[in-house]
Amino acid sequence: MATTTDLGLPGALPERDRLALRRWLLASIIAVFFAVAVGGITRLTESGLSITEWKPVSGALPPSSDAAWALELEKFRQIPQASTTHAGITLAQFKWIYWWEWFHRNVARTVGLVFAIPYLVFLVQGRLPKSLRLRLAALPVLTAGQGALGWYMVQSGLVERISVSAYRLTAHLGLALGILAVAVWTYSELRARSAEELQEGASTSPSWRLALVSATTLLAITVLSGGFVAGLRGGKVFNEFPLMGGQVVPPGYATLTPWWSNAFENPAAAQFHHRVLALTVTALVLTLAWRARQAALPRAVQRALLAFATVITAQLVLGITTLLLAVPIPLGVFHQFTGVLALTAALVATQRAVSTAVDRGAQRRVAAAQRAASDRYSAQTAAG
């Protein structure tokens, strides 16, 4: 019987179902990428607090009259950000930031539908493998939770603060990454194995699996640390590299008490930690990619690891450039986008490493069965 790690093997799933599931998951992954990019634009344009109420259904419609727009602007003027970041805002300026947040929320609603509707259709049609039903059910459920968490985040900036809580912003980002991880991992599992892969003798050793899992985990921590940098506007300080304020460890690194709060509430410390993590994980991945050239690894793992190294290198260069230019909106959004792309590449490489270790025996049995069937057919043909 097929396990959750051999769904790409011949006969594990009806080919029609496997392809349909992969198309759905690919559409879901693209939807999450788009939502993350729009969320980045919303944050960088300071638009996220422009809608001060959460109306999951009726909020899908924008204001439809001048009076409705005036009312929305008046609600916005009651929160602290309106008299600080957006002091003196006009109706035309308010519409600009309102449309970005409105678009962001509707993209999130659309992502929920992209997850929920196909899942229910596949479930009703009986086309979901039992091993995937619970896991894939997490996609629409977590997306609904993401909407609630998004509103919880917005609430933090409506009364006493002029921006949302960095803790809540990072939690919002983390849940989006969790949703993406489920979709990417399952999409990679459903990849059809080629005849070459089924015949290949190489497998991924425990040490290589551990190395890839460690690199992926470290990258996820790095991306989440970027959430604190964004939430604290940490990219606007120390716009230099490699030093910060002329020092390795920036001035004001440990000014808060208790000491541990600096990592989450001190912009200088948050940026320093993000830098160190980014440099460390990039060095680790490049080292693994270099060593993989001569290692006895399956070709699928080697190719995925090379892609991972390429993306994370581009992400580091882009991050440094974004910092030096004081986070212009296009580069800031692109940096966030490529961070998610790097995590996607990491998940694919790790999944392939895990599958080529767990499934090797199954792959060999399938290959042996195919050879036996071919031999029987040849014998019957010769006898006939």
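If you're wondering where the values come from, they're calculated on a predicted model, not measured in any experiment. (Residues numbered from 1 in each chain as written. Predicted model: local features only at pLDDT ≥ 70, side-chain atom pairs only at ≥ 80, totals over all residues. Heavy atoms only, no water.)

Draft legend 1. Structural view of the confidence of the model for the protein chain. In this model, the protein chain carries a mean pLDDT of 90, and residues with pLDDT of at least 70 account for 91%. The secondary structure element of the protein chain with the lowest average pLDDT is helix α12 (residues 360-383), at 55, and the one with the highest is helix α9 (residues 267-292), at 97. Low pLDDT (under 50) marks residues 1-5, which in the prediction has 12 contacts with non-local residues, meaning those over four places away or in another chain. (pLDDT = per-residue confidence, 0-100. Helix = DSSP H or I, 4+ residues; strand = E, 2+ residues; numbered from the N terminus. Contact = heavy atoms within 4.5 Å.)

Draft legend 2. Just helix α10 (residues 299-324), in detail. Between its terminal C-alpha atoms α10 stretches 38 Å, which fits the 38 Å expected from 26 residues at 1.5 Å a residue. The positive-phi residue at the C-terminal boundary of α10 is alanine 326, with phi of around 60°. (Expected span 1.5 Å × (residues − 1).)

Draft legend 3. Representation of a nonpolar patch on the surface within the structure. A surface patch of nonpolar side chains, amounting to about 490 Å² of accessible area, comprises Tyr167, Trp259, Trp260 and Phe264. Residue tryptophan 260 is classed as partly exposed on the basis of its relative accessible area, which comes to 44%. (Patch = residues over 30% accessible without salt bridge, like charges linked within 9 Å, V, L, I, M, F, W, Y side chains within 5 Å. Areas by Shrake-Rupley, 256 points an atom, 1.4 Å probe, with all protein chains shown as cover. Salt bridge = Lys/Arg side-chain N within 4 Å of Asp/Glu carboxyl O. Buried < 20%, exposed > 50% of the residue type's maximum accessible area, 1.4 Å probe, protein only.)

Draft legend 4. Molecular detail of the packing of helix α7 (residues 206-231) against α9. Across the interface, α7 lies against α9 with an axial gap of 9 Å and an inter-helix angle of 155°. By the angle between their axes, α7 is roughly antiparallel relative to α9. You can see that α7 and α9 cross each other, and the crossing is left-handed. On α9, the residues touching Trp208, Ala211, Ala215, Leu218, Leu219, Ile221, Thr222, Ser225, Gly226 and Val229 of α7 are Ala270, Gln271, His274, Leu277, Ala278, Thr280, Val281, Leu284, Val285, Leu288, Arg291 and Ala292. Grouping the amino acids of the contact of α7 with α9 by side-chain chemistry returns 15 nonpolar, six polar and one charged. (Axes fitted to C-alpha atoms, helices over the stretch in contact; angles between N-to-C directions. Parallel < 35°, antiparallel > 145°, perpendicular 65-115°, else oblique. Left-handed = near helix turned anticlockwise from the far one by under 90°. Nonpolar A, V, L, I, M, F, W, Y, C, P; charged D, E, K, R; others polar.)

Draft legend 5. Representation of the packing of aromatic side chains within the structure. All told, the structure shown has 17 aromatic pairs when counted by the stated rule. Residues tyrosine 98 and tryptophan 99 carry aromatic rings whose centres are separated by 6.4 Å and whose planes lie at 85° to one another, so their mutual orientation is edge-to-face. For tyrosine 98, a relative accessible area of 5% gives the class buried. These aromatic residues form a ring-pair network of at least three members: Trp69, Phe76, Phe94, Tyr98, Trp99 and Trp102. One residue, arginine 22, lies across the ring of tyrosine 187, its end atom 3.9 Å from the ring centre. Lying over the aromatic face of tyrosine 152, arginine 168 brings its terminal NZ or CZ to 3.6 Å of the ring centre. (Phe/Tyr/Trp six-rings, centres within 6.5 Å; stacked < 30°, edge-to-face > 60°. Lys NZ or Arg CZ within 6 Å of the ring centre and 35° of its normal.)

Draft legend 6. Structural view of the side chain of glutamine 271. Note on placement: glutamine 271 falls in helix α9. Note on glutamine 271: relative accessible area 4%, which makes it buried. Beyond its immediate chain neighbours, meaning those up to four positions away, glutamine 271 contacts Val229, Gly234, Gly235, Val237, Phe238, Met244 and Leu323.

Draft legend 7. Structural view of the environment of glycine 88. Position of glycine 88 among the secondary structure elements: in the loop between α2 (66-76) and α3 (91-125). Spatially, the C-alpha atom of glycine 88 lies 59 Å from that of serine 207, the residues being 119 residues apart in sequence. For glycine 88, the contacting residues outside a window of four places in its chain are Ala82 and Gln93.

Draft legend 8. Seen up close, the nonpolar core. Ranked by internal contacts, the top residues of the largest apolar core, which has 59 residues, are Trp24, Leu136, Leu139, Leu219, Leu305 and Phe308. Elements supplying a minimum of two residues to this core: α1 (15-44), α3, α4 (130-155), α5 (166-189), α7, α9, α10 and α11 (329-358). For this core, the leading source of residues is α1, giving 11 residues. Other than its neighbours up to four places away in sequence, leucine 136 contacts Trp24, Leu25, Tyr119, Leu128 and Thr186. One finds Ile51, Ala82, Trp151 and Ala230 within the second-largest nonpolar core, a separate group that totals 19 residues. (Core = buried A, V, L, I, M, F, W, Y, C linked by side-chain atoms within 4.5 Å.)

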